[in-house]
Amino acid sequence: MHLVQLSAAHLGQLASAQAVQPASGVTTLAWLLVAFPVLGAAILLFGGRRTNRFGPVLATALSWASFGLGTVIFLSMLGRSSGQRAENLFLYKWIPAGSFQVDAGMLIDPLSMAFVLLVTFVGSLILVYSLAYMEHDPDRRRFFGYLNLFIAAMLLLVLANSYLLLYVGWEGVGLASYLLIGFWNQIPANASAANKAFVANRVGDFGVSVAIMLMFVTFGSVSFAGVDAGIAGANKGALTAIGLMLLLGACGKSAQFPLQSWLGDAMAGPTPVSALIHAATMVTAGVYLVVRSHAIFEGSPTAQTFVVIVGAITLIFGAIVGCAKDDIKKVLAASTMSQIGYMMLAAGLGPVGYVFAIFHLLNHGFFKAGMFLGAGSVMHGMDDQVDMRRFGNLSGVMRITWITFGIGWLAILGVFPFSGYWSKDKIIEAAFIGEGWRPWVFGSAALIGAGVTAFYMSRLFFMTFQGKKRWPKEAHPHESPRRMTIPMIILAVGSAFLGLILGPTNGIQAWLEPVFGAHTEGEPVVAVPVLITMTLLVVAAGVALAGLRYWRDQVPAVAPVGSLLTRAARGDLYQDDVNEALLMRPGLHLTRSLVFFDNKGVDGAVGGLAALIGGTSARVRRVQNGFVRSYALTMLAGVVVILGAVWVVQ
């Protein structure tokens, strides 16, 4: 395969692409990036009621402090040559156990800093938004403590210099998401949603833990440097096993097929949580894990192909589900699943796709956070209503929300010159590069996904902001306060111009070159002008179809029964039913069988042996009655038996 040959040729270049230096200057303060939000979480969660008044503001300020320090480190990196932009900050000896030596440290390089800036900037805007959104919640102090914990765990994940320390942040993200999804756990459905997310992620976490153990066996190290140095001489089978286990972990965290079922239910948490999970933290962690491990996947074309397959399936899967949902937050959740699928597909394409996977992740962080906060603004103005069939024509009464959401909508559609155009369209082009069946299958999936995305996102936009009013009589929609609209405006600006800044200038390629090596160009099997035209046509068709059905025509208050596919999409394409049939029911029967075997088999054998010994001892005990005559009789019987035996033998 063409891409496999590219990968093999690229391995040597990648092994020496990023020379890591000891930390110096302002980089030695990088530990504060994690320490600031950890401090906020500790004060709010352990400080008690005395922190109720100032705690949320303190949490927000400490998050901004991390962004400020991250910006200073980023600017200092810009002043160095590209080959000097990776530094390792040693913290302490973490695990000195014979041949297993692990240092706690941070890898500050262009890839980790791209995530640091995204997490801290978008996360801090979400905290500002939350000051107003959660203003009247009695547990807001705890909520902000959990948000700080979430940001700290994600920063640890992307800054770790070893897979083992990354795993600590990985588990921290899972814990924080569980706490935030189930924040209003007095509602049983919310508690169930948190449990579902927790369990699904544990499946993925198992994969990461196995991968780390395989790394130690294969390379004798779990640090990024140690693993990368040993890839060239490693066994292909071992690399494939490690890659597939890492992919399993990425599927859990990033809600990719087949571990995607938890993401829609995760909307049970407060809307700022949804924005943080989908835009800056949890679901991006899986993409980070794959691209950070790109050398492993390049060493195993099989594992790399599985990454592309998972991405292609998920981007179509999420798009289909998004077409049938009426809950505004669940449509956005399906959209995230689909867009992360694009990123995974790009990450699996090898050198032609790494940069575009990260580029789309950064752009997505802005427009998806903006749209989630916009959905929260709509809910704020509509008494927490989430059913889009109860909206319509909100553009006149929520103008700022309408404009900012509209910019995010144009960005995710990939309309020129908004940010999505510069990243998602490049992923589509990259998917058409290669030989044989691959470019036609994966490229077609990416192209079809763009058209379906245009339909369901336009459906959401038109049902919410355009058409005729469908509000209940008691509803009085109104614009949100400034603390909510200002973050939305800033995110809308990023959605409009971030791609324009980084795309045409090739700034993103130049920034990430020390991590991935020189960006590999390829020639798509379909000419680029033709691809651009095809993408424009399928997007326009999706928008037009949605406009005809959900803007011009009357939207019924109750969803029609619809086709079999529509009913399946409303039920998340039966993903819960499949999980129940393949995992839950067999697991339940297996558990019952093990319990039966334990009760009747193990316990029965142990109990039977005990009864045998007890019964025998009870009978033997009767001989020990304390009467001399009984003992004499026993002795006489013994003598008779012995004499009889002697007589028989003779």
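Above: the structure in question.
Structural notes, computed from the coordinates. (Residues numbered from 1 in each chain as written. Predicted model: local features only at pLDDT ≥ 70, side-chain atom pairs only at ≥ 80, totals over all residues. Heavy atoms only, no water.)

1. Re the sheet that holds strand 1 (residues 20-22)
Spelled out, the test is: Pairing between strands is defined by DSSP: at least two bridges between them are needed. Only DSSP runs of H or I reaching four residues or more are called helices, and only runs of E reaching two or more are called strands; each is numbered from the N terminus. Whenever a helix is involved, its axis is fitted only over the stretch in contact; in every case the axis is a line through C-alpha atoms, and angles between N-to-C directions fall within 0 to 180 degrees.
Overall, mixed pairing links the three strands, which are arranged 1-2-3 in an open sheet. The two strands at the open ends of the sheet, each matched to only one other strand, are strand 1 and strand 3 (100-108). Pairs of neighbouring strands in the sheet enclose a mean axial angle of 50 degrees, with direction left out of account. Relative to strand 2 (residues 86-97), strand 1 runs parallel, the two being bridged by three bridges. Looking across to strand 2, one finds that Gln21 is bridged to Glu87.

2. What to know about the packing of aromatic side chains
Cut-off, in case you're wondering: Pairing of aromatic side chains here covers Phe, Tyr and the six-membered ring of Trp, requires ring centres within 6.5 Å, and sorts the geometry by plane angle: under 30 degrees stacked, over 60 edge-to-face, intermediate tilted. Burial classes: relative accessible area under 20% of the type maximum marks a residue as buried, over 50% as exposed, and values in between as partly exposed (1.4 Å probe, protein chains only).
Applying the stated criterion to the full structure yields 27 aromatic pairs. Here the aromatic rings of Phe115 and Tyr288 are separated by 5.0 Å at their centres, their planes lie at 75 degrees, and the arrangement is edge-to-face. Note that Phe115 is positioned in helix 4 (residues 110-133) and Tyr288 in helix 12 (residues 282-292), a separation of 173 residues in sequence. Since its relative accessible area comes to 1%, Phe115 is described here as buried. Put simply, the rings of Phe405, Trp409, Phe461, Phe462, Phe465 and Trp551 pair up and form one aromatic cluster.

3. Brief notes about the pairing of strand 3
Relative to strand 3, strand 2 is paired through nine bridges, and the arrangement is antiparallel. Residue pairing across strands places Lys93 opposite Asp103, the latter belonging to strand 3. Taking the residues between adjacent antiparallel strands as the criterion, strand 2 and strand 3 are bridged by two residues, where Gly98 takes a positive phi near 60 degrees.

4. A word on the side chain of Ser221
Counted only if it meets this: For this analysis, a polar contact is any N or O atom pair within 3.5 Å, provided that within protein one partner can donate a hydrogen and the other can accept it, and provided that sequence-adjacent residues contribute only side-chain to side-chain pairs. Any two residues whose heavy atoms approach within 4.5 Å are treated as being in contact.
By secondary structure assignment, the location of Ser221 is in the loop between helix 7 (188-219) and helix 8 (224-230). Of the polar contacts made by the side chain of Ser221, one reaches the side chain of Ser223; its length is 3.1 Å. Look past the residues within four positions of Ser221 in its chain and what remains in contact with it is Met215, Phe216, Gly226 and Val227.

Purely geometric numbers; function is a separate question.
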